[in-house]
Amino acid sequence: DAFYVLRGTPEVVYEGEWPAWKAAVISKWPCRETGLESWNSDAYQKDVKPRRKDAGVYDVGMFNPANATPPAAEQDLVPESCTTPFMALILSNVTDAAAYGQYGKALGETGLATRAGLQLLFSGQPMEVLEGTWPEGVNALIMVYPCRAAWEAFYLSEQYVADIKPLRANAGDFTIVGFTPERVE
């Protein structure tokens, strides 16, 4: 059974710019084949898709799900009051792979993201573009945290801001936005 993970504009922009007119829609399908079957069906192509003609510009892609993120032994950055999941979407155009690699290595060594309850949904470029275009070199990363406070405990932490984030300062362009997802499984 397919479902929407999120629909709408970000609640907060942490880095970069997110155009006010742009919305994100993420749905989750049981498998690639089911998603393609629905997308290519006569019902969608002849009945539904024409109804959105001239309503906007659509870029539609299918992403491979990420491997399950093992939970950290200690999730000390997750407040006890965490009840509403929070999703961080990162769009990146990496121009210095070595610098970005150092950033990733340092981030992994600290365990900050997993200590904040990171669940990785997908990372990379679409395996297939169904409509529109996907910008050359742009990667998408979707992470779910137990709540916004857990994400911010990681992202705004002194260790991340002072020691880790500077490692990617010249590694590329990054847009980081946050949403409250509709549903996460």
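Definitions and cut-offs
Residues numbered from 1 in each chain as written. Predicted model: local features only at pLDDT ≥ 70, side-chain atom pairs only at ≥ 80, totals over all residues. Heavy atoms only, no water. Helix = DSSP H or I, 4+ residues; strand = E, 2+ residues; numbered from the N terminus. Buried < 20%, exposed > 50% of the residue type's maximum accessible area, 1.4 Å probe, protein only. Contact = heavy atoms within 4.5 Å. Lys, Arg positive; Asp, Glu negative; His and termini not counted. Charge placed at Lys NZ, Arg CZ, Asp CG, Glu CD. Salt bridge = Lys/Arg side-chain N within 4 Å of Asp/Glu carboxyl O. Expected span 1.5 Å × (residues − 1). Arc of directions from axis to C-beta. Core = buried A, V, L, I, M, F, W, Y, C linked by side-chain atoms within 4.5 Å. Pairing = 2+ DSSP bridges.

## Topic: the overall build of the protein chain
Item 1. Across its full length, the protein chain holds 6 helices and 9 strands.
Item 2. C-alpha extents for the protein chain along the principal axes are approximately 50 × 35 × 30 Å.
Item 3. Here the protein chain holds 185 residues, and 35% of them are scored as buried.
Item 4. Put simply, of all contacts in the protein chain between residues at least 6 apart along the chain, 81% involve residues at least 24 apart.
Item 5. Here the protein chain contributes 15 positive and 24 negative side-chain charges, whose respective centroids are spaced 6 Å apart.

## So, the pattern of salt bridges
Item 1. Per the stated rule, a full pass over the model turns up 10 salt bridges.
Item 2. For the salt bridge of Lys165 with Glu15, the shortest nitrogen-to-oxygen distance reads 3.4 Å. Of the two residues, Lys165 is situated in the loop between helix 6 (158–164) and strand 9 (172–179) and Glu15 in strand 2 (residues 12–15); the sequence distance between them amounts to 150 residues.
Item 3. Measuring nitrogen to oxygen at the nearest pair gives 3.7 Å for the salt bridge that ties Lys53 to Asp54.
Item 4. Under the relative-accessibility criterion, Lys53 is labelled exposed at 61%.
Item 5. Residue classification places Asp54 among the exposed positions, given a relative accessible area of 72%.
Item 6. A single network of salt bridges, built from pairs that share partners, joins Glu15, Lys165 and Arg168.

## Comments concerning the side chain of Thr175
Item 1. Note on placement: Thr175 falls in strand 9.
Item 2. With near-sequence residues (within four places) excluded, Thr175 lies in contact with Glu15, Gly16, Glu17, Trp18, Leu89, Ile90 and Leu91.

## Remarks on helix 3 (residues 97–110)
Item 1. Its 14 residues place the ends of helix 3 20 Å apart at the C-alpha level, agreeing with the 20 Å of an ideal helix rising 1.5 Å per residue.
Item 2. Residues Ala99, Tyr103, Ala106, Leu107 and Thr110 constitute the buried set of helix 3. Each buried residue of helix 3 lies within a common arc of 100° when the element is viewed along its axis, so the set occupies one face. For helix 3, exposure combined with an orientation more than 90 degrees from the buried face picks out Ala97, Ala98, Lys105, Gly108 and Glu109.
Item 3. Buried residues along helix 3 sit against helix 4 (112–115), helix 5 (148–155) and helix 6.
Item 4. Gly111 occupies a position one or two residues after helix 3 and carries a positive phi of about 70°.

## Some points on the nonpolar core
Item 1. Of all hydrophobic cores here, the largest spans 22 residues; its most connected members are Tyr14, Met143, Tyr145, Trp151, Phe154, Tyr155 and Tyr160.
Item 2. Taken together, the elements giving at least two residues each to this core come down to strand 2, strand 5 (86–94), helix 3, helix 4, strand 8 (138–145), helix 5, helix 6 and strand 9.
Item 3. With 15 residues, the next largest nonpolar core counts Trp18, Met87, Phe122 and Val177 among its residues.

## Observations regarding the environment of Trp134
Item 1. Along the chain, the position of Trp134 falls in the loop between strand 7 (128–131) and strand 8.
Item 2. Residue class for Trp134 comes out partly exposed when judged on its relative accessible area of 26%.
Item 3. Measuring from C-alpha to C-alpha, the distance between Trp134 and Asp59 comes to 6.8 Å, with 75 residues separating the pair along the chain.
Item 4. Apart from the residues within four sequence positions on either side, Trp134 is in contact with Phe63, Leu91, Gln125, Pro126, Val129, Asn139 and Ala140.

## Concerning the pairing of strand 8
Item 1. With 7 of its 8 residues buried, strand 8 lies for the most part within the structure.
Item 2. Pairing geometry for strand 5 and strand 8, over 8 bridges, is antiparallel. Each residue of the ladder has a partner; that of Ala88, found in strand 8, is Met143.
Item 3. As paired strands, strand 6 (residues 119–124) and strand 8 are joined by 5 bridges and run antiparallel to one another. Each residue of the ladder has a partner; that of Gln119, found in strand 8, is Val144.

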